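Understanding the architecture of this molecule
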Amino acid sequence: MKIVIFESISKIIITIVFAYSMDVAFREIWLIDAFERAYAEGRYNPVHVELNLFPFALCFLLVIIYMVMSKRLKPRKKTDILMKIGEFQDADERERLITNRAARTSYMVASTGGVIAMILMVFSTTIIYRVPSFPIYLFALILITSAIAYAITWCLEFNK
Amino acid sequence: MVIKNRIKELRARSNLTQKDLSEKVGVTRQTIIALEKGTYVPSLLLAMNIAEVFQEPVDQIFFKGDVK
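Residues numbered from 1 in each chain as written. Chains lettered and ligands numbered in written order. Predicted model: local features only at pLDDT ≥ 70, side-chain atom pairs only at ≥ 80, totals over all residues. Heavy atoms only, no water.

Okay, the overall build of chain A next. Secondary structure summary: chain A contains six helices and zero strands in total. Starting at the N terminus and walking to the C terminus, you meet the elements of chain A as α-α-α-α-α-α. The C-alpha atoms of chain A give 20 Å as radius of gyration, which overshoots the globular expectation for 160 residues (15 Å, by more than 25%). Viewed in the frame of its principal axes, chain A has a C-alpha envelope of about 65 × 35 × 20 Å. With 160 residues in all, chain A has 34% of them scored as buried. When the accessible area of chain A is evaluated, it comes to approximately 10,600 Å², of which 71% is carbon and sulfur surface. A gap of 8 Å separates the mean positions of the 18 positive and 14 negative side-chain charges of chain A. (Helix = DSSP H or I, 4+ residues; strand = E, 2+ residues; numbered from the N terminus. Rg over C-alpha atoms; globule rule 2.2 N^0.38 Å. Buried < 20%, exposed > 50% of the residue type's maximum accessible area, 1.4 Å probe, protein only. Areas by Shrake-Rupley, 256 points an atom, 1.4 Å probe, with all protein chains shown as cover. Lys, Arg positive; Asp, Glu negative; His and termini not counted. Charge placed at Lys NZ, Arg CZ, Asp CG, Glu CD.)

See below:
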């Protein structure tokens, strides 16, 4: 169970940092886009673009730490490659069953989250000009919610 | 209708710990705990492996029982 909790928390942290990195990059691209749109209309709108690499470096570092710790936590045995990475567990038939149920819950949450995100996007015109990277965070939120759903289902089923 | 079992009783009779049994049948200790609690119904293969360890027929270890 501790492996699933570790994997899920790591995934959530990495998703948040990655979303922030994308936000940082997107804000700068948004500025370049503003410059190009103005330029196409014959106006000269100087912008100051500066990409902060710290979030990317932090994300990369977190992924490395996560990979090392994940490899140390998991038992070494021949298994399906999909079971070796991430929060999937298959130490025995019961764990495979629990993983199956947790993955189903996670899939349902992600599907429902996707539909809700689409509806939210329709009504996000006012937010998108204030927070241009709103869709990035929305997408990250779907991933985080499905990871939480997976971890909760796994732990509940495991402790039954 | 639920599947009940005599694993706890047979394990005690054979002086096996949950860990010993889990290693003999190739599952985790948590699975043995779940089996003894009756919250997990094993696959036919696992049931046969357990029967082999206790030298008893499968139907003498696992049987149908009514829900309380």
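What follows picks up the thread again.
Turning to the pattern of salt bridges, a few remarks are in order. Taken as a whole, this structure holds nine salt bridges over all chains when the rule is applied. Measuring nitrogen to oxygen at the nearest pair gives 3.0 Å for the salt bridge that ties A:Asp23 to A:Arg27. Taken together, the positions of A:Asp23 and A:Arg27, both in helix H1 (residues 2-40) and four residues apart, correspond to about one turn of that helix. Among the salt bridges present, the one from A:Arg43 reaches A:Glu41, with a minimum N-O distance of 2.7 Å. Judged by relative accessible area, which is 46%, A:Arg43 ranks as partly exposed. Relative accessible area serves as the criterion here: at 57%, A:Glu41 is assigned to the exposed category. In the salt-bridge network here, residues are joined through shared partners; they are B:Arg6, B:Glu9, B:Arg13 and B:Glu56. (Salt bridge = Lys/Arg side-chain N within 4 Å of Asp/Glu carboxyl O.)

Side chains of residues three or four places apart in an α-helix project in the same direction, reflecting 3.6 residues per turn. Residue and element names in this part refer to chain B. When helix H2 (residues 18-25) is considered as a whole, its buried residues turn out to be Gln18, Leu21, Ser22 and Val25. Down the axis of H2, the sector holding all buried residues measures 100°, keeping them to one side. Turned more than 90 degrees off the buried face of H2, the exposed positions are Glu23 and Lys24. Where H2 is buried, its residues contact helix H1 (7-13), helix H3 (29-37) and helix H4 (44-54). Two residues or fewer after H2 comes Gly26, characterised by a positive phi angle close to 75°. (Arc of directions from axis to C-beta. Contact = heavy atoms within 4.5 Å.)

Here A:Glu93 lies in helix H4 (residues 93-122). Although A:Glu93 is buried, it forms no salt bridge, and the closest oppositely charged side chain is A:Arg96 at an N-O distance of 5.9 Å.

What follows deals with the environment of A:Phe158. Turning to its location among the elements, A:Phe158 is positioned in helix H6 (residues 134-158). Residue class for A:Phe158 comes out buried when judged on its relative accessible area of 11%. Once the C-alpha coordinates of A:Phe158 and A:Ala25 are considered, the two residues, 133 residues apart in sequence, prove to be 40 Å apart. Once residues within four sequence positions are removed from consideration, A:Phe158 is found in contact with A:Met1, A:Arg94, A:Glu95, A:Ile98 and B:Gln30.

A word on the nonpolar core. Counting 17 residues, the largest nonpolar core has B:Ile7, B:Ile50, B:Phe54 and B:Ile61 as its most contacted members. Top element by residues in this core is H4(B). It accounts for five residues. The contact partners of B:Ile61, leaving out residues within four places of it in the chain, are B:Lys4, B:Asn5, B:Arg6, B:Ile7, B:Leu10, B:Ile50, B:Ala51, B:Phe54 and B:Glu56. Formed by six residues, the second largest nonpolar core is a distinct cluster that contains A:Val4, A:Ala102, A:Tyr150 and A:Trp154. (Core = buried A, V, L, I, M, F, W, Y, C linked by side-chain atoms within 4.5 Å.)

Here we take up the interface of chain B and chain A. Across the boundary between the two partners, chain B contributes 12 residues, which contact nine residues of chain A. Summing both partners gives a buried area of about 750 Å² for chain B against chain A, and 53% of it is carried by carbon and sulfur. Of all residues in chain B, B:Thr28, B:Gln30 and B:Tyr40 give up the largest surface area on contact with chain A, accounting jointly for 51% of the area buried on that side. Connecting chain B to chain A are zero salt bridges. The interface formed by chain B and chain A includes four residue pairs in polar contact (both at pLDDT 80 or more). Residue classes in the side of chain B that touches chain A are distributed as five nonpolar, six polar and one charged. (Buried area = accessible area lost by both parts, 1.4 Å probe. Polar contact = N/O pair within 3.5 Å; in protein donor to acceptor, adjacent residues only side chain to side chain. Nonpolar A, V, L, I, M, F, W, Y, C, P; charged D, E, K, R; others polar.)

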